[in-house]
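Observations on the three-dimensional arrangement
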Number of protein chains: 2
Amino acid sequence: MSASTTMPAIAVYPGRADTVHLTELPRPTPGPGEALVRVRRVGVCGTDQEIIAALFGSPPTGSDELVLGHEVLGVVEATGPRTDGVREGDLVVATVRRPDGCPACLAGQPDMCVWQGFTERGIVGAHGYMVERFVEDVRHLVVLPPALESVGVLLEPLTVVEKALRQADLIQRRLASWAPKTALILGAGPIGLLGALLLRSRGIDVVVVARRPAPNPAAAIVEGCGGRYASLRETPLAELAADLPPFDLVFEATGVAQLAFEAMGVLGSNGVLVLLSNTGGDEVAPVPVARLNLGFVQGNKVLVGSVNAAHEDFTAGVADLGRFEELWPGLTARLITHRLNGFADVARIAGGIDEGIKAVIEFAQ
Amino acid sequence: MSASTTMPAIAVYPGRADTVHLTELPRPTPGPGEALVRVRRVGVCGTDQEIIAALFGSPPTGSDELVLGHEVLGVVEATGPRTDGVREGDLVVATVRRPDGCPACLAGQPDMCVWQGFTERGIVGAHGYMVERFVEDVRHLVVLPPALESVGVLLEPLTVVEKALRQADLIQRRLASWAPKTALILGAGPIGLLGALLLRSRGIDVVVVARRPAPNPAAAIVEGCGGRYASLRETPLAELAADLPPFDLVFEATGVAQLAFEAMGVLGSNGVLVLLSNTGGDEVAPVPVARLNLGFVQGNKVLVGSVNAAHEDFTAGVADLGRFEELWPGLTARLITHRLNGFADVARIAGGIDEGIKAVIEFAQ
């Protein structure tokens, strides 16, 4: 370790818009059960942009700054005592949410937190991972095989759809048999595309819809895994669905609240629609309430919201990232369309990254 | 048996409004696996009124008439060969839906039918129970203890909420622990009130909301089982909910589609909202789509439609009717506010029964 007692990090002042800046944090030392992780790469997502816009986010108690970043890939640099299962040199991803004392959290399901008093690293009440090094309880670390170095930074967003599919599967144990054959994914951002890879890896027919007409990089990824891409600008959702068999599974990942309700209208009997977008604002829209209600009742349909992910979604995601590489070598990494340069590119993070699919920040080792 | 070869029944010509009339059916004989049931009492419900108004319903193949009635209580008068479990003199209720060949039906879940090609006695493609006698496969009969004679006609509507609660419980196996403490029921018709009895019998705090201010007969039943009744005319739903802890469970049974969506806004984290109303028409209403979507996502909430009921809901319902009598002697029977007189009161059925809670038709024995 160097003699320096501080290290750089990228932070905002939550509640004040556009305050991305470099800061310094004390360099941490791992205690019992903890590992020191050197950050290699951090993904930037819509939540980060919302925090930067001061629509969301809060600092740790006692601080006015919040270090950004919750999609991390790093390498274990040192471990404290009692850190079985994690070793120096391991490639790791850290989970995001930390429990409060609610019944769900106590039962080991912080992603189902009821009191909403959790913290989330890089989002709510705890520093994130856009920092040179961090310390974490090894129970919140997931080890990845070295072969997944190029895609491991996508594990955290992948867990969003891992949880979505797990919730759908858990819910559908109500049926004598549940073997989804057809799926619709609304949105071709990272969540929608990782959802497409996940469902295609399960052999499900997948249609991904988004605004932009093909060809575009997202459409190419959908087609690369054998899915179908359609532009909502060219064909409205109801019209598109009318030409297809009913959807067993729908993932909503556009961030457009009205589409969540439009999607209710194209779900098949006994189907599950999983809502995955955090939609701010107060938008009120006309909804065909009688027709949607009737369809849900007569078709025994389910709508479920899903947020965050459980530890098991991270471990399932590691296996699935490996499976994606086997099925479609190199395809997953094509989601990463922008690479920013460590602490030097703070201005580009601050300015927002509107094009492409996923931007990641590379931290020099 | 009498020498007559025909018997009276109450029928409509589906597709033509207000055609309730007396008709004659051939008197049936039970074959192998079948029982002949003498009808004692049949409930009249909203679906019957919709069929009378020609909004719904279809006759059996080869007929232009449909015998009404799907909420029946009767007594087994004779059995064919191979009718284990059902004996002459047994008090019985018949289930309503008969399977098509879809995967759910083949797996023994016709209430989850995917192809929607089922028949339903008294509703879709099969004669109902407003008839002197009927023959049924004993697998579609449920035997009740004689002590439930006064309330047995309510078993079929009770199964609607039995299935609703069963679906919620099945879905919530996704949680480490699910022990609902608070419930909201929208609607104080038979379904809402039977829902209140069911959830109260499970020790759940229940609030029932409906239009009419208390005091009224429905409010008295809610209060009789220890629930709380509130009038939406006096207090809007959102205002009412703001003063109460979050609802773990919501049943929507008003038939007002917009309320289904309002209910989404008062559901607690990890809660389940079950939609139970068949809402016709094309109503479009303004819905706060962003707020509802966000609440569902961040709270991992579930909305599920539920229709019809499985055989196990009938057997569970028999046990629960008995439990209701133990907990609140005589209370359940107070749902029956009108008694019509067999084949003589056809004009009153035709005219509609708008007041009170539940009308039943008594058939002289």
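Since the model is a prediction, treat every value here as computed from it, not as a measurement.

1. Here's the deal with the sheet that holds strand S1 (residues 6–12) of chain A
All names here are of chain A. Here three strands make up an open sheet; going across it, the order is S2-S1-S4 and the pairing antiparallel. Every other strand in the sheet has two partners, leaving strand S2 (21–26) and strand S4 (66–67) as the edge strands with one partner each. Sheet topology note: the S1/S4 ladder contains two bridges and is antiparallel. Within the sheet, the bridge partner assigned to Ala11 lies in S4 and is Val67.

2. Brief notes about the domain arrangement of chain A
All names here are of chain A. Taken domain by domain, chain A holds domain 1 (6–150 + 332–362) and domain 2 (159–305). Just the C-alpha atoms count here: the centres of domain 1 and domain 2 sit 29 Å apart. Facing eight residues of domain 1, the contacting portion of domain 2 comprises 13 residues. Taken together, the two surfaces of domain 1 and domain 2 that pack against each other cover about 850 Å², and 67% of this comes from carbon and sulfur. Among the residues of domain 1 in contact with domain 2, Arg334, Leu335 and Ile357 are the three that bury the most area, contributing 54% of the side total. The salt bridge partner of Lys163 is Asp111, with a shortest N-O separation of 2.9 Å. In this structure, the connection of domain 1 to domain 2 is made through one residue pair in polar contact (both at pLDDT 80 or more).

3. Things to note about the relation of the copies chain B and chain A
With an axial shift of 0.0 Å and an RMSD of 0.0 Å, the rotation relating chain B to chain A amounts to 180°. When the rotation and shift are considered jointly, the pair of chain copies conforms to a two-fold rotation axis. Of the residues that chain B buries at the interface, 100% are likewise interface residues in chain A, meaning the two copies contact each other through the same surface.

4. Structural notes on the interface of chain B and chain A
The figure often quoted for interface size is the accessible area lost as the parts come together. Contact with chain B, which involves 54 residues of that partner, is made by 54 residues of chain A. When chain B packs against chain A, close to 4,500 Å² is buried across both sides, 58% of that on carbon and sulfur atoms. Here chain B is connected to chain A by zero salt bridges. Inspection of the region where chain B meets chain A yields 34 residue pairs in polar contact (both at pLDDT 80 or more). At the level of elements, helix H3 (155–171), helix H7 (257–264), strand S16 (267–275), strand S17 (285–287), helix H8 (289–298) and strand S18 (302–305) of chain B are the ones that each hand at least two residues to the side of chain B that touches chain A. The greatest single-element share of the side of chain B that touches chain A, amounting to eight residues, is contributed by H8(B). The residue inventory of the side of chain B that touches chain A, partitioned by class, reads 30 nonpolar, 17 polar and seven charged. The pairing of strand S18 (residues 302–305) of chain A with S18(B) spans three bridges and is antiparallel.

5. Observations regarding the pattern of salt bridges
Residues and elements named next belong to chain B. The final tally for this structure, using the stated rule, is 38 salt bridges over all chains. Between Arg139 and Asp137 there is a salt bridge whose closest N-O contact spans 2.6 Å. The exposure class of Arg139 is exposed, given its relative accessible area of 61%. One salt bridge connects Arg202 with Asp320, and the closest N-O pair in it is separated by 3.0 Å. Taken together, the residues Arg202 in the loop between helix H4 (190–201) and strand S13 (205–210) and Asp320 in helix H9 (residues 311–327) connect sequence positions 118 residues apart. For Asp320, a relative accessible area of 1% gives the class buried.

6. Considerations on the side chain of Asn216(A)
Residue and element names in this part refer to chain A. The residue Asn216 is located in the loop between strand S13 (205–210) and helix H5 (217–224) in this model. In this structure the side chain of Asn216 is engaged in a polar contact, spanning 3.0 Å, whose partner is the backbone nitrogen of Ala218. Within polar-contact distance, the side chain of Asn216 engages the backbone nitrogen of Ala219 at 2.7 Å.

7. Examining H3(B)
Here H3(B) is 17 residues long and its end C-alpha atoms lie 24 Å apart, about the 24 Å a rise of 1.5 Å per residue gives. For H3(B), the buried fraction is high: 16 of the 17 residues fall into the buried class.

8. Focus on the packing of helix H3 (residues 155–171) of chain A against helix H9 (residues 311–327) of chain A
Two packed helices can be described by the angle between their axes and the distance between those axes. Residue and element names in this part refer to chain A. It is at 8 Å that the axes of H3 and H9 come closest, and there the two elements cross at 105°. The angle between H3 and H9 falls in the class roughly perpendicular. Listed contacts from H9 to Leu155, Glu156, Leu158, Thr159, Glu162, Lys163 and Arg166 of H3 are Glu312, Asp313, Phe314, Ala316, Gly317, Val318, Asp320, Leu321 and Phe324. Class assignment for the residues of the contact of H3 with H9 results in seven nonpolar, two polar and seven charged.

9. Topic: the packing of aromatic side chains
All chains considered together, the criterion is met by seven aromatic pairs over all chains. Between Tyr129(A) and Phe134(A) the ring centres are 4.6 Å apart and the planes differ by 45°, which places this aromatic pair in the tilted class. On the basis of relative accessible area, Tyr129(A) is assigned to the buried category, the value being 0%. Its relative accessible area of 3% is what places Phe134(A) among the buried residues. Taken together, a centroid distance of 6.0 Å and an interplanar angle of 40° make the contact between Phe324(B) and Trp328(B) tilted. For the pair Phe324(B) and Trp328(B), a shared accessibility class is recorded, and that class is buried.

10. Considerations on the sheet that holds S13(B)
Pairing is mixed across the open sheet formed by 12 strands, whose spatial order is S14(A)-S13(A)-S12(A)-S15(A)-S16(A)-S18(A)-S18(B)-S16(B)-S15(B)-S12(B)-S13(B)-S14(B). Both outer strands of the open sheet, strand S14 (228–231) of chain A together with strand S14 (228–231) of chain B, are each paired with one neighbouring strand and no more. Here the average twist between neighbouring strands, direction ignored, is 15°. The pairing of S13(A) with S14(A) spans four bridges and is classified as parallel.

11. Description of the nonpolar core
Core analysis: the largest hydrophobic core is formed by 110 residues, its most contacted members being Leu155(A), Leu199(A), Phe251(A), Leu155(B), Leu199(B) and Phe251(B). The residues touching Phe251(B), leaving out its near neighbours within four places in the chain, are Val161(B), Ala164(B), Leu165(B), Leu184(B), Ile185(B), Leu186(B), Gly195(B), Leu199(B), Val274(B) and Leu276(B). Val250(A), Leu275(A), Val289(A) and Phe261(B) belong to the second-largest nonpolar core, a separate cluster that totals 59 residues.

12. Section: the environment of Gly271(B)
Residue and element names in this part refer to chain B. With respect to the helices and strands, Gly271 occurs in strand S16. Look at Gly271 and you get buried, because its relative accessible area is 0%. Sequence separation between Gly271 and Thr182 is 89 residues; the distance between their C-alpha atoms is 9.8 Å. Not counting chain neighbours up to four residues away, the residues in contact with Gly271 comprise Gln172, Phe247, Asp248, Lys301 and Val302.

13. So, the environment of Glu312(A)
Residue and element names in this part refer to chain A. Note on placement: Glu312 falls in helix H9. Using a relative accessible area of 45% as the deciding quantity, one classes Glu312 as partly exposed. Taking the C-alpha atoms as reference points, Glu312 and Val289, 23 residues apart in sequence, are found 37 Å from one another.

Criteria and thresholds
- Residues numbered from 1 in each chain as written.
- Chains lettered and ligands numbered in written order.
- Predicted model: local features only at pLDDT ≥ 70, side-chain atom pairs only at ≥ 80, totals over all residues.
- Heavy atoms only, no water.
- Pairing = 2+ DSSP bridges.
- Helix = DSSP H or I, 4+ residues; strand = E, 2+ residues; numbered from the N terminus.
- Domains from an automatic or database assignment.
- Contact = heavy atoms within 4.5 Å.
- Buried area = accessible area lost by both parts, 1.4 Å probe.
- Salt bridge = Lys/Arg side-chain N within 4 Å of Asp/Glu carboxyl O.
- Polar contact = N/O pair within 3.5 Å; in protein donor to acceptor, adjacent residues only side chain to side chain.
- Least-squares fit on C-alpha atoms with pLDDT ≥ 70 in both.
- Nonpolar A, V, L, I, M, F, W, Y, C, P; charged D, E, K, R; others polar.
- Buried < 20%, exposed > 50% of the residue type's maximum accessible area, 1.4 Å probe, protein only.
- Expected span 1.5 Å × (residues − 1).
- Axes fitted to C-alpha atoms, helices over the stretch in contact; angles between N-to-C directions.
- Parallel < 35°, antiparallel > 145°, perpendicular 65-115°, else oblique.
- Phe/Tyr/Trp six-rings, centres within 6.5 Å; stacked < 30°, edge-to-face > 60°.
- Core = buried A, V, L, I, M, F, W, Y, C linked by side-chain atoms within 4.5 Å.

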